Amino acid sequence: MGENSTETWAWAPVILLTTAAIQYTGATIAIGLFSSVAVIAVAWGRGFFGSLMLLAWRRPRISLVTAQGRRDFGHSMFYGVSIVSTNVIFYMAIARIPLGTTVALEFLGPVILATLLGTGWRVRAGIVLAATGVFTISWIGVDTSDPQVMHGLILALLAGLCWAVYMYVGRKIAVSGNGLDSLAIGMFVGSLVWLPVALPHVGPIFTDGRVLGLIMVVSLLSSVTPYAMDAVIMRRISAPTFALLNSLLPATSLLVGLIILRQVPTVGELSGLVFITTAVALVNFQPFGHRKARALAQTANE
């Protein structure tokens, strides 16, 4: 057990970064669709077809007869609506501002969550760093006189808040051991919730085979793959360590945007990304002794 855990920990950063690169590659494909399909339709299609793939894979069963079953279904609904909302708002943001900038601002969600759940100088320092990162991106890195850019910044921050809700609810659901099943059900319900908004724009998805195929690819790359890999990693490392590794993702998104989309960051954007990444790492950091004590406590509880 210990040997396998060590081996998995050694590979966890590689798996996470590879998954992030795959996920953000899916986002670049989605951006390419924005010129021919409404953003809301692309985002909805990602959630809807991603949920169908997960449902076909997991085939979850939740009984609505028992009180526990109804409670699990309610949690799954809230879980799915939060992640689909995050994805929809995130896509609306990357349609207006660069991918790397959007992801950096979105990561304020985990910082806020850690702030609400944690105490100490690291949390306070993380707040200062995160606020500095927002300032350098919003007031130095991009042209906020452009209404579209300003809307993109607001949407990115809103996506981060939705993501914080998703992380909080998802962590509680993961304790039950049915994370992927709940995700499959929840994403399907979340897609139904957003359907009235997306419905006037989804026509091209079902009438153009090329668009349908690309959205299926986006669903596989940006929804099914990362969530499945997250589940694999989370079974083998602690939640704080997982959150700490996630601080690598803004840099990954910037690199993908630079290589595929040729989105060269400004000095302000790059500085803001560094500040926010540092904030995410700082508020989720635990000294080795604390991590070891936490792991021993978890083992004793099991």
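Structure's up top.
Another point: the packing of aromatic side chains. A complete count under the given rule lists seven aromatic pairs for this structure. Measuring from centroid to centroid gives 4.8 Å for Trp 44 and Phe 48, while their planes differ by 10°, and the two rings are stacked. Here the residue Trp 44 and the residue Phe 48 both occupy positions in helix 2 (residues 39–58), the gap between them amounting to four residues, near one helical turn. Of the residues examined, Phe 48 reaches a relative accessible area of 15% and is grouped as buried. Between Tyr 79 and Tyr 166 the ring centres are 5.3 Å apart and the planes differ by 10°, which places this aromatic pair in the stacked class. Placement of the pair is Tyr 79 in helix 3 (residues 67–94) and Tyr 166 in helix 7 (residues 147–175), with a sequence separation of 87 residues. Both residues of the pair, Tyr 79 and Tyr 166, belong to the buried class. One aromatic cluster in this structure is built from Trp 44, Phe 48, Phe 49, Phe 188 and Phe 206. The residue whose ring lies beneath Arg 58 is Trp 57, and the NZ or CZ to ring-centre distance is 5.4 Å.

Turning our eyes to something else, we now look at the environment of Gln 148. Note that Gln 148 resides in helix 7. A sequence separation of 55 residues divides Gln 148 from Ala 93, and the C-alpha atoms of the two residues are 9.3 Å apart. Within the structure, the side chain of Gln 148 is placed 3.0 Å from the side chain of Arg 96, a separation counted as a polar contact.

On to helix 8 (residues 179–198). In this model helix 8 runs 27 Å from its N-terminal to its C-terminal C-alpha over 20 residues, within 8% of the 28 Å that 1.5 Å per residue would give. Largest kink in helix 8: about 30°, centred on Leu 192, with the proline Pro 196 one to four residues after it.

Here the focus is the environment of Arg 46. Tracing the backbone shows Arg 46 in helix 2. Residues Arg 46 and Val 88 lie 42 residues apart in sequence; the distance between their C-alpha atoms is 9.0 Å. Contact partners of Arg 46, with chain neighbours within four places excluded, come to Gln 23, Asn 87, Tyr 91, Ile 215, Val 218, Ser 219, Ser 222, Ser 223 and Tyr 227. A distance of 3.3 Å separates the side chain of Arg 46 from the side chain of Asn 87, its partner in a polar contact.

Looking now at a nonpolar patch on the surface. On the surface, Leu 255, Leu 258, Ile 259, Ile 260 and Val 264 cluster together to form a nonpolar patch covering roughly 450 Å² of accessible area. Looking at the secondary structure, you find Leu 258 in helix 12 (residues 249–260). Assessed through its relative accessible area of 31%, Leu 258 is described here as partly exposed.

Before going further, it helps to examine the nonpolar core. With 71 residues, the main nonpolar core has Tyr 91 and Leu 105 as its most contacted residues. Counting residues per element, this core draws most heavily on helix 7, which supplies eleven residues. Once you skip the residues sitting within four places of it in the chain, Tyr 91 turns out to touch Gly 26, Ala 27, Ala 30, Phe 34, Val 39, Val 42, Ala 43, Arg 46, Val 218 and Ser 222.

We now examine the side chain of Ser 191. Structurally, Ser 191 is set in helix 8. Classification of Ser 191 by relative accessible area gives buried; the value is 0%. Setting aside residues no more than four positions away along its own chain, Ser 191 makes contact with Trp 44, Gly 47, Phe 48, Ser 51 and Val 84.

Rules used in this analysis
- Numbers given for residues are sequential positions, taken from 1 along each chain in its written order.
- Two thresholds apply to this predicted model, a pLDDT of at least 70 for residue-level local features and 80 or more for giving and counting side-chain atom pairs, whereas whole-chain, interface and lining totals are computed over all residues.
- Hydrogen atoms and water are omitted, and side-chain values are computed over all heavy atoms in the structure.
- When the centres of two rings from Phe, Tyr and Trp lie within 6.5 Å, Trp using its six-membered ring, the rings pair. Their planes under 30 degrees apart give stacked, over 60 give edge-to-face, and anything left gives tilted.
- Secondary structure elements are defined from DSSP: runs of H or I of at least 4 residues count as helices, runs of E of at least 2 residues count as strands, and each element is numbered from the N terminus.
- Here's how the labels work: a residue is buried when its accessible area is under 20% of the maximum for its type, exposed when over 50%, partly exposed in between, all with a 1.4 Å probe on protein chains only.
- Charge over a ring is defined by NZ of Lys or CZ of Arg lying within 6 Å of the ring centre and within 35 degrees of the ring normal.
- Here a polar contact is recorded for every N or O atom pair within 3.5 Å, except that within protein the pair must consist of a potential hydrogen donor and a potential acceptor, and residues adjacent in sequence are included only if both atoms are side-chain atoms.
- Helix span, expected: 1.5 Å multiplied by one less than the number of residues in the helix.
- We define the bend at each residue as the angle formed by axes fitted to the 7 residues ending at it and the 7 residues starting at it.
- Any two residues whose heavy atoms approach within 4.5 Å at even a single point are treated as in contact.
- Excluding any residue in a salt bridge, patches collect residues exceeding 30% relative accessible area, merging like charges within 9 Å and nonpolar Val, Leu, Ile, Met, Phe, Trp and Tyr side chains within 5 Å.
- Note on areas: these come from Shrake-Rupley sampling with a 1.4 Å probe, and a residue is covered only by the protein chains present in the view.
- We count a salt bridge whenever a side-chain nitrogen from Lys or Arg sits within 4 Å of a carboxyl oxygen from Asp or Glu.
- In these notes, a set of buried Ala, Val, Leu, Ile, Met, Phe, Trp, Tyr and Cys residues joined through side-chain atoms within 4.5 Å is what counts as a nonpolar core.

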